Amino acid sequence: MGSLNNVETTNKPINPLDPEEFRKQAHLVVDFIADYYSNIEQYPVCSQVKPGFLTETMPKIAPLEPEPIETIMQDVQNHIIPGLTHWESPGFFAFFPCTASIGNFLGEMLITGFNAIPFNWFASPAATELEMVVLEWVLNLLQLPKSFWFSSDGGGVLLGSTCEALVCTLVAAREKKLSKVAAEEGVLEKMVVYCSDQTHFSLRKACGVVGISPQNVRAIVTTKSMNFELSSLALLNAIETDLRSGLIPLYVCLTVGTTQTTAVDPLGTLCEIANRFDMWVHVDAAYAGSACICPEFRHFLDGVEDATSFSFNPHKWFLTTLDCCCLWVKDRSVYTKALSSDPEYLKNKPSESKQVVDYKDWQISLTRRFKAMKLWMVLRMHGASGLREFIRKQVKMAQHFEHLLLGDKRFELVVPRNFATLCFRLLLANQSSCDGDINMLNKQLLESLNATGRVYMTHAVVEGVYVIRVSIGAVLAEDKHVSMLWDLLQEHADVLLAKYVTPQVISTLM
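Residues numbered from 1 in each chain as written. Predicted model: local features only at pLDDT ≥ 70, side-chain atom pairs only at ≥ 80, totals over all residues. Heavy atoms only, no water.

Caption draft 1: Quick peek at the environment of C46. Along the chain, C46 turns up in the loop between α1 (19–38) and α2 (69–80). Expressed as a C-alpha distance, the spacing of C46 and F92, which sit 46 residues apart in the sequence, is 8.2 Å. For C46, the contacting residues outside a window of four places in its chain are T85 and Y456. (Helix = DSSP H or I, 4+ residues; strand = E, 2+ residues; numbered from the N terminus. Contact = heavy atoms within 4.5 Å.)

Caption draft 2: Local environment of the sheet that holds strand β6 (residues 309–312). In space, the seven strands of this open sheet follow the order β1-β7-β6-β5-β4-β2-β3, with mixed pairing throughout. The open sheet is flanked by β1 (155–159) and β3 (217–220), the only strands paired with a single partner. This sheet shows a mean twist of 20° between the axes of neighbouring strands, independent of strand direction. (Pairing = 2+ DSSP bridges. Axes fitted to C-alpha atoms, helices over the stretch in contact; angles between N-to-C directions.)

Caption draft 3: Molecular detail of the UniProt feature "modified residue: N6-(pyridoxal phosphate)lysine" (unreviewed entry) in the protein. Per the UniProt record, the feature "modified residue: N6-(pyridoxal phosphate)lysine" (unreviewed entry) sits at K316. Exposure remark for K316: the relative accessible area of 18% places this residue in the buried category. (UniProt positions renumbered as here; feature names shortened; annotations may be inferred. Buried < 20%, exposed > 50% of the residue type's maximum accessible area, 1.4 Å probe, protein only.)

Caption draft 4: Main features of α2. Among the residues of α2, I69, M73 and D75 are the ones counted as buried. Looking straight down α2, one finds that the buried residues subtend no more than 155° of arc, so they occupy a single side. Residues of α2 that are buried in the fold lie against α1. (Arc of directions from axis to C-beta.)

Caption draft 5: The arrangement of the packing of helix α4 (residues 125–142) against helix α13 (residues 372–406) in detail. The geometry of α4 relative to α13 is characterised by a closest axis approach of 9 Å and an angle of 20° between their N-to-C directions. Viewed along their axes, α4 and α13 adopt a mutual orientation that is roughly parallel. For the crossing formed where α4 meets α13, the hand is left-handed. The residues of α13 that touch α4, namely those facing A127, L130, E131, V134, W137, V138 and L141, are A372, M373, L375, W376, L379, R380, A384 and R388. (Parallel < 35°, antiparallel > 145°, perpendicular 65-115°, else oblique. Left-handed = near helix turned anticlockwise from the far one by under 90°.)

Caption draft 6: How the structure looks around the pattern of salt bridges. Inspection of the entire model under this criterion finds 19 salt bridges. R369 is the salt-bridge partner of E108, the closest N and O atoms lying 2.6 Å from each other. Pair noted here: E108 is in helix α3 (residues 102–114) and R369 is in the loop between α12 (349–352) and α13, with a separation of 261 residues, a long-range link. Linked by salt bridges that have partners in common, E108, D323, R369 and K374 make up one network. (Salt bridge = Lys/Arg side-chain N within 4 Å of Asp/Glu carboxyl O.)

Caption draft 7: Inspection of the sheet that holds strand β11 (residues 465–471) at higher detail. Here four strands make up an open sheet; going across it, the order is β8-β9-β11-β10 and the pairing antiparallel. The open sheet terminates on both sides in strands that have one partner only, identified here as β8 (411–413) and β10 (458–462). If you compare each strand with its neighbour and ignore which way they point, the axes differ by 40° on average. Sheet analysis places strand β9 (residues 421–426) next to β11, joined by four bridges and oriented antiparallel. Residue F424 lies in a different strand from β11, and its bridge partner there is I468. With respect to the sheet, α13 is in contact with β8, β9 and β11, its orientation differing from that of β9 by roughly 20°.

Caption draft 8: Region of interest: the packing of aromatic side chains. Counted by the stated rule, this structure contains 23 aromatic pairs. Measuring from ring centre to ring centre gives 5.2 Å for Y36 and Y37, while their planes differ by 75°; the resulting arrangement is edge-to-face. You can call Y36 buried: its relative accessible area is 15%. Here F96 and Y287 contribute two aromatic rings whose centre-to-centre distance is 4.0 Å and whose plane-to-plane angle is 5°, an arrangement assigned as stacked. Of the two residues, F96 sits in the loop between α2 and α3 while Y287 sits in the loop between β5 (280–284) and β6, which places them 191 residues apart along the sequence. Overall, the relative accessible area of 8% leaves F96 in the buried class. For K146, the ring lying beneath its charged end belongs to W149, and the centroid distance is 3.8 Å. (Phe/Tyr/Trp six-rings, centres within 6.5 Å; stacked < 30°, edge-to-face > 60°. Lys NZ or Arg CZ within 6 Å of the ring centre and 35° of its normal.)

Caption draft 9: Quick peek at the confidence of the model for the protein. Put simply, the protein has an average pLDDT of 93, and 95% of its residues get 70 or more. Confidence drops under pLDDT 50 across residues 1–10; counting only partners more than four residues distant or on other chains, this segment forms 23 contacts. Taken together, the stretch residues 503–509 has pLDDT below 50 and engages in eight contacts with residues farther than four places along the chain or on a different chain. (pLDDT = per-residue confidence, 0-100.)

In structure tokens:
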């Protein structure tokens, strides 16, 4: 791989930012990426390599002398691509989509080219103000209440992920609560965070980061009978039980589109309960928030006006790559007070005037990327109509796959479809079959499908039931890829069922 020369030689100095050399080499890389997308279906969707495949073949030391870009890109083709899981493949139906677009790629080029680090307004005014602009554009698309806008007491920030949004809002909630309760020892140990058992696991991690005891995280059990939504009665009971025990309800995380089944918590009633007890209410719409720019999905956000903060990830379903998480809060003063820093070397007149936004006070780290550029490019190059058309196309394909599942008695759609993700399982003809047998059958089915290299799906376990998840959202996916998935699913189901039941029984289920 490449070349190593252990003998020092004298080379002429290289200008790392030579414009003409950049132009030439960038063209080569752009052509390489374009070819990658043209040929992406030739690769197994999920990488088939074994652990250590790269660490055992890479040179043990870095090259002493510069290597030509052609040699490096050949190594990318020969050694890196085989070890990638191809998230942009039209056969990628796993997790949630991680979409990309030309507008995003061009935005990323500009971000890297400018290399601005806009930790405060003065460090790059355009970066700060463009972030404010695009966040209000998206607020408008989502029809979020004016209380989240900069023109009111609220405001927004582009963070790296929902995990970061949870940490930041938990810190703000903690500091707000500490300012109100008596300053006595052990107050932090009394604070309690609430969520459902379907809430993303990163909330527990975030709680640990900000000092909330794992024993004080209430993951309230949900049920299939309620489509795995968080019950308002269960939340109220949990809060009242903790109050009787002398604990302090602090924060509740509600989800629009849970990771396992895309369940949607009833925001209105849950916010009303939490607000009775002066709790911070965060709404996590990481996946499904994108869909809510379409009027037919906006009702899933009903009640968000009573939340304290709201976030969603354009890097999932909004034609924008990692990392890009939009977070809005209703009270920016409370939020930034918990995260602000004011070292001498960063002081400047615009910041001291209090007329500008310093985004260092909206996040954990000081440094940050000019993320607004790529989101701005996506919004301008696709427009609201283009983004809605893209989302509706994915939903339509999911509806078609849902129709196919419902038309085959061998399969069960375990939960209703809300967006473009479906949870299903293959059933056994024997009515006395236990869930353990059916779970094993579906685990084998998923493994056999993924082993083909043509598709990649993941699973979830809800109420002890193993389900296969199909999340449709890859930018390159078309109807033919959904049909391919269905044909493959039937083929592998036939093979597996033949091991469990007789052909005569199978024919009765068709």
